[in-house]
Amino acid sequence: MFNKALFFYQFAALTKAGFSGAKSLPMAGAKAPVAVRQFLYRVSQRMDRGTSLAIALNASKSPFTPWETGLLVLGETSGALSEVSQRLGQLHETYRRRARLYGSVVIGFGAIAAVVVTVLSTWLVGGLSALNSVWGLGLVSVLVLAILFQTQVPLTLEIGDRSHHWLGQFPITANIIEARSLVQLSELSLPIRCGLPLPRALELAQPRISDPQLRALMQSAVKRIDRGDCLSDCLKTALPPTAVQMIRTGEETGHLDTLLDKLGKHYDHKLEHRLRRLEAMSRPLAMLAVGCLILLVGTQLFAGLLSAVFS
């Protein structure tokens, strides 16, 4: 698996030390998978022949997203390639940590749901005696392994528009979705700091936003800002008042990137706090549910043995 956090940290260190982008790319990707190393080597060769980083990176089968490629190109043109790479490394390190939290929460509540569905379905269809079978023991084994490795499985959540709307109806998940969307919005600070005009920065960041309402407003904001409207006014119907006020303050003071950074740190803390609370809630409940299932399977197995002995 391509560790992008490590790659961007090493790339930042190499470019800061004075190495050219062409030489830094293959050196930073020395521990990457073979396909990534080959891609970086080809990019390095193109750059040595005079091709710009923008053209060299925009090739087929690129391991980088349009967002990452756009930021690297911005960093090169603005003379802040090492700073941009360092920031990308920090972002990917955060993504990796949060992916483990997502995985832990999903596995925990998934195990609880699996136990409930299994017990109810077997009871309604053929009685709990159906648990005394190979599939019952297999399910118990899988759930026990899932609980043991609950905190070790990274999971990237891609929420569709329908799922986003449905999950937004529940207070617990609605708070997580709101915080996640605002953290994504705050990443707009990086292209702005690199000197990209706000409408173009919105175009670059807009596909990354998971909230469909906020994403649509950002798309319409591109034309509205060109006509003289403020970003805070364009997005106010999809943001909480605190976020709107922080963005408005940034626009009025000319420090929008700084205020977006502060907004991101605030909601990043809230997002992580809420995920850790859910993880702390799901883990003991999942252990209790799996324990109850083990007890039921053991009881049915013992009853089956007694029946076989006395029959």
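Residues numbered from 1 in each chain as written. Predicted model: local features only at pLDDT ≥ 70, side-chain atom pairs only at ≥ 80, totals over all residues. Heavy atoms only, no water.

A.B. asks: Before we go on, may I ask you to explain the overall build of the protein in this structure?
C.D. replies: When its secondary structure is counted, the protein shows 15 helices and 0 strands. In summary, the protein has a C-alpha radius of gyration of 25 Å against a globular reference of 19 Å for 311 residues, an excess of more than 25%. When the backbone C-alpha atoms are referred to their principal axes, the protein occupies close to 85 × 45 × 30 Å. Expressed as a percentage of the 311 residues in the protein, the buried residues total 44%. With the model as given, the accessible surface of the protein reaches about 16600 Å², and the carbon-plus-sulfur share is 63%. Across the protein, the 32 positively charged side chains and the 21 negatively charged ones have centroids separated by 6 Å. (Helix = DSSP H or I, 4+ residues; strand = E, 2+ residues; numbered from the N terminus. Rg over C-alpha atoms; globule rule 2.2 N^0.38 Å. Buried < 20%, exposed > 50% of the residue type's maximum accessible area, 1.4 Å probe, protein only. Areas by Shrake-Rupley, 256 points an atom, 1.4 Å probe, with all protein chains shown as cover. Lys, Arg positive; Asp, Glu negative; His and termini not counted. Charge placed at Lys NZ, Arg CZ, Asp CG, Glu CD.)

A.B. asks: Explain the environment of K270 here, please?
C.D. replies: Mapping K270 onto the fold places it in helix α15 (residues 256-310). Overall, the relative accessible area of 24% leaves K270 in the partly exposed class.

A.B. asks: I keep staring at the packing of helix α2 (residues 21-28) against helix α3 (residues 34-48) and nothing clicks. Help me out?
C.D. replies: When two helices pack together, their arrangement is given by the angle between the helix axes and the distance between those axes. Close contact between α2 and α3 brings their axes to 8 Å; oriented N to C, the two are set at 170 degrees. Between α2 and α3, the angle is such that the two are roughly antiparallel. Only L40, V43, S44, M47 and D48 of α3 make contact with α2, whose side of the interface consists of G21, A22, K23, L25 and P26. By residue class, the composition of the contact of α2 with α3 is 6 nonpolar, 2 polar and 2 charged. (Axes fitted to C-alpha atoms, helices over the stretch in contact; angles between N-to-C directions. Parallel < 35°, antiparallel > 145°, perpendicular 65-115°, else oblique. Contact = heavy atoms within 4.5 Å. Nonpolar A, V, L, I, M, F, W, Y, C, P; charged D, E, K, R; others polar.)

A.B. asks: What exactly am I supposed to notice about the environment of L301 here?
C.D. replies: Relative to the helices and strands, L301 resides in helix α15. For L301, a relative accessible area of 36% gives the class partly exposed. Taking the C-alpha atoms as reference points, L301 and Y95, separated by 206 residues in sequence, lie 44 Å from one another.

A.B. asks: Even after reading the chapter, I still don't get the packing of helix α11 (residues 198-205) against helix α12 (residues 212-226), so can you show me in this structure?
C.D. replies: Running from N to C, α11 and α12 point in directions that differ by 170 degrees, and their axes come no closer than 9 Å. Relative to α12, α11 is oriented roughly antiparallel. Taking contact as the criterion, the partners of L198, P199, R200, L202, E203 and A205 in α11 are, on α12, M218, A221, V222, I225 and D226. Of the residues assigned to the contact of α11 with α12, the class counts are 8 nonpolar, no polar and 3 charged.

Worth remembering: the numbers are spatial, not functional.
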